[in-house]
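Examining the three-dimensional arrangement
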Amino acid sequence: MRAPAPRWAAELNDATLDAARAAIPNGLVDAFAHVGEIQLHVHRDHLIAALTALRDTPGLEYQQLMDIAGVDYPDRGEERFEVVYCLLSLTRNHRLHVHVTASEDTPVPTVTELWPVAGWYEREVYDMYGVLFAGNRDLRRILTDYGFRGHPQRKDFPLSGYVEMRYSEEVKRVVYEPVKLAQDFRTFDFTSPWEGAEYVLPGDEKGSLPEAKGAPTPLSADQVQKAGATQSPAKPAAAPSESYAKKDADSTAETGAGKPHPHIGEKPADRDVIPGKGGQNQ
């Protein structure tokens, strides 16, 4: 039984780089460690030989293909795409990435003969980025529909797409139509909210009018004082010692009291109530 895998896989980076340079004499463009993981940049024509060496060479033994990812760099020109192969060594508990550049018209050789599972991954990269894989016998779209136009993960693919899909009640099936936006995409201002925008938004044209007193306003103290003087004068509150009843009511309609019942006599006097000048208890 072999020795157990190292506890920290990063300890194998230096030895792996030396072994990879020796195992791939041709087609290795660059090899370095970045953020604790090894990147091997290989020429497209030597991809199959490089991956075979990484899988079968003692001391490397990257048996498992974990994933195939695509990357788009529009500024690179014709070969704007990169295909990244993520490999795992089960015996050494170590991972590395193999990078290959590609263009829209130049296919990358398929690795389905090395790892049959690569067929699904290559279909996904083709569907999302449009990279072709020579030798893949089933290179079809896998996430989008068969009639989908374009490749969604390209940097120049519009956010709204080219067509929209909906169910039509008239034809009783799913139909594709050109995208119809209800309104244009809005332009957002990313100015700090503490600074504010340098232009007047629609509906905010009231800035030239004096605001009510006490409201947040950029007006001066004199303008605020004038705005407060234009308000209607408020009647001061009555003294707290003043009685509630100002005068006697002339009729029952003013007090809300009804006519007395003919069979009800005089209200008996209460010995605890001392008559005064008037009020709510009188």
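Analysis parameters
Residues numbered from 1 in each chain as written. Predicted model: local features only at pLDDT ≥ 70, side-chain atom pairs only at ≥ 80, totals over all residues. Heavy atoms only, no water. Helix = DSSP H or I, 4+ residues; strand = E, 2+ residues; numbered from the N terminus. Buried < 20%, exposed > 50% of the residue type's maximum accessible area, 1.4 Å probe, protein only. Areas by Shrake-Rupley, 256 points an atom, 1.4 Å probe, with all protein chains shown as cover. Patch = residues over 30% accessible without salt bridge, like charges linked within 9 Å, V, L, I, M, F, W, Y side chains within 5 Å. Salt bridge = Lys/Arg side-chain N within 4 Å of Asp/Glu carboxyl O. pLDDT = per-residue confidence, 0-100. Contact = heavy atoms within 4.5 Å. Phe/Tyr/Trp six-rings, centres within 6.5 Å; stacked < 30°, edge-to-face > 60°. Lys NZ or Arg CZ within 6 Å of the ring centre and 35° of its normal. Core = buried A, V, L, I, M, F, W, Y, C linked by side-chain atoms within 4.5 Å. Pairing = 2+ DSSP bridges.

A count of helices and strands for the protein chain gives five helices and nine strands. Counting every position in the protein chain, which comprises 282 residues, the buried fraction comes to 26%. For the protein chain, the exposed area adds up to about 21100 Å²; of that, 54% sits on carbon and sulfur atoms.

All right, on to a nonpolar patch on the surface then. A contiguous nonpolar patch, built from Y162, V163, M165, Y167, V174 and Y176 and spanning about 570 Å² of accessible area, is present on the exposed surface. When contributions to the nonpolar patch are tallied by element, the ones reaching two or more residues are β8 (163-168) and β9 (173-178). Looking at the nonpolar patch, the element that brings in the most residues is β8, giving three residues. Here Y176 shows up in strand β9.

Let us look at the confidence of the model for the protein chain. The predicted coordinates ought not to be read in detail in places where the model reports low pLDDT. The share of residues in the protein chain with pLDDT of 70 or more is 63%, and the mean pLDDT across the chain is 79. Confidence scores differ between elements of the protein chain, with helix α5 (residues 252-255) showing the lowest mean pLDDT of 54 and strand β4 (residues 81-89) the highest of 96.

On the secondary structure map, E61 appears in the loop between α2 (47-56) and β3 (64-72). With 33 residues separating them along the chain, E61 and H94 place their C-alpha atoms 9.6 Å apart.

This part covers the environment of R80. With respect to the helices, strands and loops of the structure, R80 is situated in the loop between β3 and β4. In this structure, the C-alpha to C-alpha distance between R80 and A102, residues 22 residues apart in sequence, is 6.7 Å. Apart from residues lying up to four places away in sequence, R80 is in contact with V71, D72, Y73, P74, A102, R154, K155 and D156.

So, about the packing of aromatic side chains. Here the structure, examined in full by the defined rule, presents two aromatic pairs. Ring geometry for F148 against F157: centres 6.1 Å apart, planes inclined by 25°, an arrangement best described as stacked. A relative accessible area of 15% means that F157 is categorised as buried. Taken together, a centroid distance of 5.5 Å and an interplanar angle of 85° make the contact between F157 and Y162 edge-to-face. Site record: aromatic cluster; members linked through ring pairs are F148, F157 and Y162. Note that R76 overlies the ring of Y73, its terminal NZ or CZ placed 3.8 Å from the centroid. The ring centre of W120 lies 5.8 Å from the NZ or CZ of R123, which sits over that ring.

L40, L51, L54, Y85 and V98 are the most contacted members of the largest nonpolar core, which totals 33 residues. Looking at this core, the elements with two or more residues in it are α1 (13-23), β2 (37-42), α2, β3, β4, β5 (94-102) and α3 (118-129). With near-sequence residues (within four places) excluded, L51 lies in contact with Y85, L87, V98, V111, L114 and W115.

Strand direction decides the pairing type here: strand β1 (residues 28-34) and β2, joined by six bridges, are antiparallel. Within β2, the residue paired with H34 across the bridge is E37. Counted between consecutive antiparallel strands, the loop separating β1 from β2 contains two residues, among which V35 sits at a positive phi close to 55°.

Note: most residues except glycine have negative phi, and most peptide bonds are trans. The phi torsion at N93 lies on the positive side, around 55°, for a residue other than glycine. Tracing the backbone through its elements, the reader meets N93 in the loop between β4 and β5. Not every positive phi belongs to a glycine, and K172 is a case in point at roughly 60°. Within the secondary structure layout, K172 lies in the loop between β8 and β9.

Glancing now at the pairing of β4. Burial analysis of β4 places nine of its nine residues in the buried class, the great majority of the element. With burial as the criterion, each face of β4 is covered, one bearing F81, V83, Y85, L87 and S89 and the other bearing E82, V84, C86 and L88. Pairing geometry for β3 and β4, over eight bridges, is antiparallel. The partner of Q64 across the bridge, within β4, is L88. Bridge count between β4 and β5: nine bridges; the pairing is antiparallel. Across the sheet, residue S89 finds its bridge partner in β5, namely H94. From the end of β4 to the start of β5, which pair antiparallel, there are four residues, and N93 there has a positive phi angle of about 55°.

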